[in-house]
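Listed below, chain by chain, are the residues.
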Amino acid sequence: AQTVTQSQPEMSVQEAETVTLSCTYDTSESDYYLFWYKQPPSRQMILVIRQEAYKQQNATENRFSVNFQKAAKSFSLKISDSQLGDAAMYFCAYRSPLFGNEKLTFGTGTRLTIIP
Amino acid sequence: ETGVTQTPRHLVMGMTNKKSLKCEQHLGHNAMYWYKQSAKKPLELMFVYSLEERVENNSVPSRFSPECPNSSHLFLHLHTLQPEDSALYLCASSQERANSYEQYFGPGTRLTVT
């Protein structure tokens, strides 16, 4: 079974600075998908970024980028130019591509606070 | 309506009540999910309906009963719940076999069992 670990329960960053949230996972599969989700205090879970394991290039979405290290099974999220609206819980998630294994396996989350 | 909607947003029920949570997706997806989110625990998958067939129930107690009448609607029927069932219940949908696999979530139903 796959597991996802987020070792930082809480992080804080000054507005406009850069912060990196860590995530490690364990799997025996060679192909899979990884995601970062954001859950603001309003509760709606929003997809931030995704990475396919077969792609060597790290995914980027505007101020959000990942550092995907497949051999190390590491998938960190970097937020550049942090903004007040980035304050939220961030969840790392793993997904197998196999039919019949559609579930997302989530980490316990990291609460990110933005300091004005 | 767009995305994934859930009703009600808040629900307080006694242990002997029967209630239902509703989820509707407007994304044309073919898979829907129920997750339970409790404080300081990872999201727990409860049920998956893919192509309108239930593919996993993940050892959920029988006091939770899902229903998926079509690919756009998903219900979670609740009866004789326990206080430890108080949590945020999230619905999600995805398009399976589309080489993307990301799930889109609704806003959740905050359930309190008294």
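Nothing here was measured: the structure is a model prediction, and the numbers come from that model. (Residues numbered from 1 in each chain as written. Chains lettered and ligands numbered in written order. Predicted model: local features only at pLDDT ≥ 70, side-chain atom pairs only at ≥ 80, totals over all residues. Heavy atoms only, no water.)

### Digging into the overall build of chain A
Alright, step 1. Check the secondary structure of chain A and you find zero helices and 12 strands.
Alright, step 2. Along chain A, from the amino end to the carboxyl end, the secondary structure elements read β-β-β-β-β-β-β-β-β-β-β-β.
Alright, step 3. Taken against the 2.2 N^0.38 rule, which gives 13 Å for 116 residues, the C-alpha radius of gyration of chain A at 14 Å falls within 12% of a compact globule.
Alright, step 4. Dimensions of chain A, computed from the C-alpha atoms along their principal axes, are close to 45 × 30 × 20 Å.
Alright, step 5. For chain A, with 116 residues in total, the buried portion stands at 51%.
Alright, step 6. The contacts of chain A with a sequence gap of at least 6 include a subset with a gap of at least 24, amounting to 55%.
Alright, step 7. Per element, the accessible surface of chain A, about 5,500 Å² overall, is 47% carbon and sulfur.
Alright, step 8. Taken together, the 11 basic and 11 acidic charged side chains of chain A have centroids lying 4 Å from each other. (Helix = DSSP H or I, 4+ residues; strand = E, 2+ residues; numbered from the N terminus. Rg over C-alpha atoms; globule rule 2.2 N^0.38 Å. Buried < 20%, exposed > 50% of the residue type's maximum accessible area, 1.4 Å probe, protein only. Contact = heavy atoms within 4.5 Å. Areas by Shrake-Rupley, 256 points an atom, 1.4 Å probe, with all protein chains shown as cover. Lys, Arg positive; Asp, Glu negative; His and termini not counted. Charge placed at Lys NZ, Arg CZ, Asp CG, Glu CD.)

### Some thoughts on the overall build of chain B
Alright, step 1. From N to C terminus, chain B includes zero helices and 11 strands.
Alright, step 2. Moving toward the C terminus, one meets the helices and strands of chain B in the order β-β-β-β-β-β-β-β-β-β-β.
Alright, step 3. By the compact-globule yardstick of 13 Å for 114 residues, chain B fits well, its C-alpha radius of gyration being 13 Å.
Alright, step 4. Looking at chain B residue by residue over its 114 residues, the buried ones come to 52%.
Alright, step 5. A sequence separation of at least 24 residues applies to 53% of the contacts in chain B between residues at least 6 apart.
Alright, step 6. With the model as given, the accessible surface of chain B reaches about 5,300 Å², and the carbon-plus-sulfur share is 46%.
Alright, step 7. When the 11 basic and 11 acidic side-chain charges of chain B are each reduced to a single mean position, those positions are 9 Å apart.

### Some points on the pairing of strand β9 (residues 87-94) of chain B
All names here are of chain B.
Alright, step 1. Where burial is concerned, most of β9 is hidden: eight out of the eight residues are buried.
Alright, step 2. Alternating residues of β9 divide into Ala87, Tyr89, Cys91 and Ser93 and Leu88, Leu90, Ala92 and Ser94, and every residue in both groups is buried.
Alright, step 3. Here strand β4 (residues 31-37) runs beside β9; their pairing, made up of seven bridges, is antiparallel. Opposite tyrosine 33, over in β9, you have alanine 92 as the bridge partner.
Alright, step 4. As paired elements, β9 and strand β11 (residues 109-113) share three bridges and run antiparallel to each other. Looking at β11, one finds that alanine 87 is bridged to leucine 111.
Alright, step 5. Sheet analysis places β9 next to strand β10 (residues 104-105), joined by two bridges and oriented antiparallel. Across the sheet, the residue bridging to serine 93 is tyrosine 104, located in β10. (Pairing = 2+ DSSP bridges.)

### Quick notes on unusual backbone geometry
Peptide bonds are trans in most cases, and residues, glycine excluded, mostly fall at negative phi.
Alright, step 1. Look at the link from Thr7(B) to Pro8(B): it is a cis peptide, with omega at -10°.
Alright, step 2. Here the phi dihedral of Lys73(A) falls at roughly 55°; this positive angle occurs in a residue that is not glycine.
Alright, step 3. One can find Lys73(A) in the loop between β8 (64-69) and β9 (74-79).

### Here we look at the side chain of Gln6(B)
Residues and elements named next belong to chain B.
Alright, step 1. Along the chain, glutamine 6 turns up in strand β1 (residues 4-7).
Alright, step 2. Glutamine 6 sits in the buried class, given a relative accessible area of 4%.
Alright, step 3. A polar contact of 3.0 Å, which involves the side chain of glutamine 6, links it to the backbone oxygen of tyrosine 89.
Alright, step 4. Polar contacts involving the side chain of glutamine 6 include one to the main-chain amide nitrogen of cysteine 91, which spans 3.0 Å.
Alright, step 5. The contact partners of glutamine 6, leaving out residues within four places of it in the chain, are Lys22, Cys23, Trp34, Tyr89, Leu90, Cys91, Gly106, Pro107, Gly108 and Thr109. (Polar contact = N/O pair within 3.5 Å; in protein donor to acceptor, adjacent residues only side chain to side chain.)

### Considering the sheet that holds strand β8 (residues 73-79) of chain B
Residues and elements named next belong to chain B.
Alright, step 1. The strand order across the open sheet formed by four strands is β1-β3-β8-β7, and the pairing between neighbours is antiparallel. Sheet topology places β1 and β7 (64-70) at the edges, where each strand pairs with a single neighbour. Sheet twist, expressed as the mean angle between neighbouring strand axes with direction ignored, is 20°.
Alright, step 2. Here strand β3 (residues 18-25) pairs with β8 via seven bridges, running antiparallel. Across the sheet, leucine 21 pairs through a bridge with leucine 76, a residue of β8. (Axes fitted to C-alpha atoms, helices over the stretch in contact; angles between N-to-C directions.)

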